[in-house]
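Observations on chain architecture
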Amino acid sequence: MNHGDKEFSGKVAIVTGAAMGIGQAVAELLAERGAKVAIVDRDEVPAKEVADTLSARGFEVRAIATDVSSGAQVAACIAEVVDAWGRIDIVSNNAGIQRYGTVETTTESEWDEVIDINLKSVYLVCHHAIPHLRKTRGAIVNMASVQSFATQRGVAAYTTGKHALIGLTRSMALDFAG
Ligand SMILES: NC(=O)c1ccc[n+]([C@@H]2O[C@H](COP(=O)([O-])OP(=O)(O)OC[C@H]3O[C@@H](n4cnc5c(N)ncnc54)[C@H](O)[C@@H]3O)[C@@H](O)[C@H]2O)c1
């Protein structure tokens, strides 16, 4: 990979779960390659730290504190990006949580938390971003897992959400890729 390439120059990217981990790395790489990047995360302080570090390196980024499992917060986040930069070209759905348990031991609130953050959030972000992505012929990348295709013991909700994410991604591809 040539990190000197500015292949995303002029493009606007939204990266969820970008305050740490894989999302942070995606946000950094997109910024290094020329994109303006929205650092979207429910953890406001580390998201701002990531944004401040990238800004200090001369990249155009902004931290947007958002719980991506909330439709109202996602709508406000997308509106803020479009108000600031006028377009959306790339959506990288990374926000996710891991919880452990079988169907017997997983509580209803744990089940809802995992499905809301790992699956419903992707619907919400895409629902609000696609009208803007249509205009730019933009792209969506969803962060799945080996547990989208296989499973192990004690991860019932996580595996369910990640399997379903593949179905959602396939469905959106058929509906919008053309
Ligand atoms: N780390 C792995 O080995 C691995 C393997 C396969 C898939 N994944 C997937 O990759 C993605 C990132 O994983 P990671 O290991 O970098 O995770 P991480 O825990 O390091 O980072 C996840 C980020 O998402 C944010 N987040 C969580 N819930 C959120 C919400 N409701 N709204 C907004 N932000 C929220 C967290 O604050 C955190 O900054 C996840 O979707 C995960 O399921 C990770």
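Below, the structure is looked at part by part. Everything numeric in this text was worked out from a predicted model, so none of it was measured.

Okay, the packing of helix 4 (residues 108-136) against helix 5 (residues 156-176) next. Where helix 4 contacts helix 5, the axes come no closer than 8 Å and their chain directions differ by 15°. Taken together, helix 4 and helix 5 sit at an angle that is classed as roughly parallel. When you trace helix 4 past helix 5, the crossing you get is right-handed. Where helix 4 abuts helix 5, its residues W111, V114, I115, N118, L119, V122, Y123, C126, I130 and R134 lie against A156, A157, Y158, T160, G161, K162, A164, L165, L168, M172 and F176. Here the contact of helix 4 with helix 5 is built from residues that sort into 16 nonpolar, 3 polar and 2 charged.

As a matter of local geometry, the ligand sits amid 21 residues, with I22, D41, D67, N94 and Y158 nearest to it. At 2.7 Å from an oxygen atom of the ligand is found a main-chain nitrogen or oxygen belonging to I22. In the complex, the protein chains occlude 76% of the 820 Å² of accessible area that the ligand would expose alone. Put simply, the parts of the chain that give the shell around the ligand at least two residues each are helix 1 (21-32) and helix 5. By residue class, the composition of the shell around the ligand is 10 nonpolar, 6 polar and 5 charged.

It is worth spelling out the nonpolar core at this point. In terms of nonpolar packing, the biggest core is built from 25 residues, with I14, A38, V40, V81 and I88 touching the most fellow members. Ranked by residues supplied to this core, first place goes to helix 4 with 9 residues. What V40 contacts, discounting residues up to four positions off in sequence, is I14, V15, T16, G17, A18, I64, T66, V68 and C77. By size, the runner-up hydrophobic cluster in this structure holds 17 residues, among which are V15, A27, L30 and A31.

Thresholds applied
Residues numbered from 1 in each chain as written. Predicted model: local features only at pLDDT ≥ 70, side-chain atom pairs only at ≥ 80, totals over all residues. Heavy atoms only, no water. Axes fitted to C-alpha atoms, helices over the stretch in contact; angles between N-to-C directions. Helix = DSSP H or I, 4+ residues; strand = E, 2+ residues; numbered from the N terminus. Parallel < 35°, antiparallel > 145°, perpendicular 65-115°, else oblique. Left-handed = near helix turned anticlockwise from the far one by under 90°. Contact = heavy atoms within 4.5 Å. Nonpolar A, V, L, I, M, F, W, Y, C, P; charged D, E, K, R; others polar. Near = heavy atom within 4 Å. Polar contact = N/O pair within 3.5 Å; in protein donor to acceptor, adjacent residues only side chain to side chain. Areas by Shrake-Rupley, 256 points an atom, 1.4 Å probe, with all protein chains shown as cover. Core = buried A, V, L, I, M, F, W, Y, C linked by side-chain atoms within 4.5 Å. Buried < 20%, exposed > 50% of the residue type's maximum accessible area, 1.4 Å probe, protein only.

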